[in-house]
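# Secondary and tertiary structure notes
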Amino acid sequence: MPTHDELPIQPCLECSEPYKVTREDRKFCSDMCRTAYNNRRRKEQPPEQTAASVVDWRPDFYQQINSIIARNRYIMEYLISMDFRAIDRHDLEGYGFNF
Ligand SMILES: [Zn+2]
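Residues numbered from 1 in each chain as written. Predicted model: local features only at pLDDT ≥ 70, side-chain atom pairs only at ≥ 80, totals over all residues.

Counting secondary structure elements, the protein contains three helices and two strands. The order of α-helices and β-strands along the protein, N terminus first, is β-β-α-α-α. Looking at the protein residue by residue over its 99 residues, the buried ones come to 0%. (Helix = DSSP H or I, 4+ residues; strand = E, 2+ residues; numbered from the N terminus. Buried ≥ 20, exposed ≤ 12 C-beta atoms within 10 Å, placed from the backbone.)

In structure tokens, the structure reads:
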């Protein structure tokens, strides 16, 4: 077993500061550098969507589309009931119609 003075020294993956390798799998001089490195990597490489996250996401997406369609339909029914036969896009958007 090497004494503390004999431990190999290598540069930190995050800040390049040399540190003593107290464990073989150690790659950083401090927890702060390890956290900073991992946070940055997470941002650079977002994890691939798992099947579960797709399922979680979908009901909300369809719900949003359905509520847009329902609102558009409500607006159209209102305009027809008011005997509108033509309306320009700008006015339609004014009623809240979502294209
Ligand atoms: Zn470091």
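The structure having been displayed, the exposition proceeds.
For Ser-16, which is not a glycine, the phi torsion comes out positive at approximately 70°. Mapping Ser-16 onto the fold places it in the loop between β1 (9-11) and β2 (18-20).

Before going further, it helps to spend a moment on helix α1 (residues 31-44). When the terminal C-alpha atoms of α1 are compared, their 20 Å separation across 14 residues agrees well with the 20 Å that a helix rising 1.5 Å per residue should span. Burial of α1 is sparse: only zero of the 14 residues sit out of reach of the surface. (Expected span 1.5 Å × (residues − 1).)

The next subject is the environment of Gln-10. Secondary-structure assignment places Gln-10 in strand β1. By the C-beta count within 10 Å, which is 13 here, Gln-10 ends up partly exposed. As a C-alpha pair, Gln-10 and Lys-27 span 17 residues in sequence and 8.2 Å in three-dimensional space. Setting aside residues up to four positions removed in sequence, Gln-10 forms contacts with Pro-18 and Val-21. (Contact = placed C-beta atoms within 7 Å.)

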